[in-house]
Structure formats: structure tokens, C-alpha cells
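# Secondary and tertiary structure notes
Below, each chain spelled out in residue letters.
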Amino acid sequence: MANYLSIEQVGVSFDTDRGPYVALRDVNLKVEKGEYISIIGHSGCGKSTLLNLVAGLLETTTGAILLEDKEVSEPGPERAVVFQNHSLLPWLSVYDNVKLAVDKVHGKTKSRAERRDWVLHNLALVGMSHAVDRKPGEISGGMKQRVGIARALAMEPKVLLLDEPFGALDALTRAQLQDKVMEIQARLGNTVIMITHDVDEAVLLSDRIVMMTNGPAATIGEILTIELPRPRNRLTLADNPTYVKARTAVMEFLYARHALNKVEAA
Ligand SMILES: Nc1ncnc2c1ncn2[C@@H]1O[C@H](COP(=O)(O)OP(=O)(O)OP(=O)(O)O)[C@@H](O)[C@H]1O
């Protein structure tokens with residue numbers, strides 16, 4: 001099968017006052033359609049840089065990113081991003097925030113009524129039907145994040161890019177939203193790339209966990225395949241040997257083999 005998303009020999013170097021800073025070097029990754037990939041690594045290793053490259057928000061210095069054999073060179077609705085700090089427009093209602101994206105992407109292909117149904121359908125998917133008329137300032141952080149996910153899904157992206165989507169949420173809301181995303185992915189078969197700092201989140205949600213080495217010149221250190229059947233249930237997995245083993249492997253990578261030394265971490 002041809003590669004769906006292919007990150008080939010990618011390197012990124014930033015110009016800084018002190019000369020070029022090589023953030024990423026020799027990053028290679030092939031992602032299959034429908035895969036759920038997590039990227040984990042210490043702060044500053046280049047996770048967001050990698051995600052921004054796939055989003056087309058940043059250009060590679062070397063190498064290329066191909067989606068269905070087409071080189072990624074700019075942002076596009078086929079690669080929708082959900083950021084940690086929900087980027088909803090505060091003066092628009094929940095409905096209008098999603099509608100804006102739907103009009104942009106489906107303005108020419110769907111009728112007015114179809115677009116309205118599509119906005120409502122995606123808000124229902126994330127469990128937000130009850131708050132369509134509210135403004136972002138009137139809903140919780142978890143609800144805002146749901147709207148951000150609905151907005152991204154409504155664009156029917158080939159790849160959904162999640163940059164620490166649950167990072168700012170309390171533990172309970174986080175768990176609820178993780179379950180929601182798993183449920184949606186099971187239903188729609190989205191291809192997802194998610195940045196996380198949370199080992200349990202990575203193991204629970206992913207088909208594969210991409211573990212990054214520390215910068216400068218960070219790269220993929222190891223890729224761990226999570227052989228757990230779906231649907232996955234956080235309660236029954238807690239003492240599942242495969243789960244525990246995967247969790248330990250990620251911890252070992254991050255805190256033993258690629259631990260940040262105290263000077264770096266300071
Ligand atoms: N525009 C830029 N100019 C210069 N250096 C940059 C730029 N963007 C990122 N960097 C540097 O590149 C490295 C990778 O940054 P990036 O934000 O991708 O890391 P990260 O792994 O996502 O970090 P975190 O987990 O803290 O969000 C860091 O050292 C950062 O300081």
C-alpha cells in the first residue's frame with residue numbers, strides 16, 4: 001500500500017541571534033490512513049515544530065512531507081489543527097465558530113441547509129448540542145476544546161493534528177474528552193497525530209507512540225506499537241500487562257535513556 005502520510009528526511013533549522021539552531025534532523029515517519037500516532041518527548045525537543053510542518057505552518061529546511069504523494073507546502077483544510085489553547089473567536093457563538101470553518105471548506109459543495117446540518121452534526125459528535133448559542137466566554141475549557149475538535153472534524157481533514165489538546169484540562173475532563181476522541185476515531189477512522197506529555201494518554205489513545213530524543217537536532221528515537229485491542233477502557237487497562245509494559249517502555253525512554261540533565265531542565 002502506498003504511504004498515506006510520509007515524513008521524509010526532515011530537518012529544521014531556525015535562524016537566531018546566535019546563528020542557526022538545528023531543531024530537527026533526519027526525521028522519518030510513515031503514517032497509515034486511520035492510524036492514531038502520538039508524539040512524546042521532553043519540552044523543547046521539537047514536537048510542535050514537527051506538527052507545524054505537517055500542518056504546513058512551517059517549512060522544512062531539508063527533506064519533505066508528503067500527504068497522498070503530494071508535498072505539503074502550505075496550510076490546508078485537509079490537515080486541521082486543534083491547539084491546546086482553543087482558538088475560538090470570542091465574539092461568535094459556538095455554532096458560528098464551527099460554521100465559519102464549514103462555510104470556508106464546504107461553501108461551494110454543500111447547500112446552506114446542508115452546511116447548517118453539518119455544523120450541528122459535528123457539534124453533536126462532541127456532545128455540544130446543548131450549547132450551540134453560547135459564546136466561548138460562557139463555556140468551560142473542556143467545552144471549548146470540544147468545539148475546537150468539532151470545528152476541525154467539520155473540515156473533514158485527511159489528518160487531524162492535535163497539539164496537546166487536553167493539556168490545559170483537569171483530570172476528569174481530560175479523561176472524558178480522551179474517551180470522546182477515541183469514540184469519534186473509532187466511528188470515523190480519522191488519521192490523527194497528537195502531541196502529548198502524558199504517558200498514559202499516549203498509551204491509551206495511540207496505535208503507535210513516536211518518542212523523540214532531546215534537542216538540539218532532535219529526531220525520532222524509537223517508535224512503540226501499542227498492541228491493545230479497541231475499544232479501550234481505561235479502567236480495565238490499568239493493570240493489563242500489555243498496557244503496563246508499554247507505559248514502562250515510554251517512561252524508560254523518557255526518564256532513563258533520554259532524561260534531561262539538571263542543567264538542561266533548569
Ligand atoms: N521560530 C523559532 N526560532 C528559533 N527557535 C525556535 C523557533 N521555534 C522553535 N524553536 C526552538 O526549537 C526547539 C523546538 O521547539 P518546539 O516548540 O517544537 O518544542 P516542543 O517539543 O513542542 O516543546 P514543548 O513540549 O515545550 O511545547 C526549541 O528549542 C525551541 O526553542
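Computed from a predicted model, the values in this text were never measured in an experiment.

## With respect to the overall build of the protein chain
When you go through the protein chain residue by residue, the secondary structure sums to 9 helices and 10 strands. On C-alpha atoms alone, the protein chain measures out to a radius of gyration of 19 Å, which is about the 18 Å that the 2.2 N^0.38 rule sets for 266 residues. The principal-axis extents of the C-alpha atoms in the protein chain amount to approximately 55 × 45 × 40 Å. A total of 266 residues make up the protein chain; the buried ones form 37% of that total. Long-range contacts, defined here as pairs at least 24 residues apart, represent 70% of the contacts in the protein chain between residues at least 6 apart.

## Some details on the sheet that holds strand S10 (residues 220-225)
On the basis of which strands lie adjacent, the open sheet formed by 6 strands has the order S6-S7-S8-S3-S9-S10 and mixed pairing. Unpaired on one side and paired on the other, strand S6 (79-82) and S10 mark the two borders of the sheet. Sheet twist, expressed as the mean angle between neighbouring strand axes with direction ignored, is 20°. Judged from the 5 bridges that link them, strand S9 (residues 208-212) and S10 form a sheet pairing that is antiparallel. Among the inter-strand pairings, Arg208 is bridged to a residue of S10, identified as Thr225.

## Brief notes about unusual backbone geometry
Of note, the bond from Gly215 into Pro216 is cis; its omega dihedral lies within 30 degrees of zero at -5°. Residue position: Pro216 is located in the loop between S9 and S10. Between Arg230 and the following residue, Pro231, the backbone shows a cis peptide bond with an omega angle of 0°. With respect to the secondary-structure elements, Pro231 resides in the loop between S10 and helix H7 (234-237). Residue Asp26 is not a glycine yet carries a positive backbone phi of 50°. Positionally, Asp26 belongs in strand S2 (residues 19-31). A residue is classified by how many C-beta atoms lie within 10 Å of it, and Asp26, with 14 of them, is partly exposed.

## Re the domain arrangement of the protein chain
When cut into domains, the protein chain gives domain 1 (1-78 + 158-170 + 177-265) and domain 2 (87-156). The C-alpha centroid of domain 2 is placed 26 Å from the C-alpha centroid of domain 1. With 4 residues, helix H5 (residues 171-188) is the largest single contributor of residues to the side of domain 1 that touches domain 2. Classifying every residue of the side of domain 1 that touches domain 2 gives 8 nonpolar, no polar and 1 charged.

Parameters and conventions
Residues numbered from 1 in each chain as written. Predicted model: local features only at pLDDT ≥ 70, side-chain atom pairs only at ≥ 80, totals over all residues. Helix = DSSP H or I, 4+ residues; strand = E, 2+ residues; numbered from the N terminus. Rg over C-alpha atoms; globule rule 2.2 N^0.38 Å. Buried ≥ 20, exposed ≤ 12 C-beta atoms within 10 Å, placed from the backbone. Contact = placed C-beta atoms within 7 Å. Pairing = 2+ DSSP bridges. Axes fitted to C-alpha atoms, helices over the stretch in contact; angles between N-to-C directions. Domains from an automatic or database assignment. Nonpolar A, V, L, I, M, F, W, Y, C, P; charged D, E, K, R; others polar.

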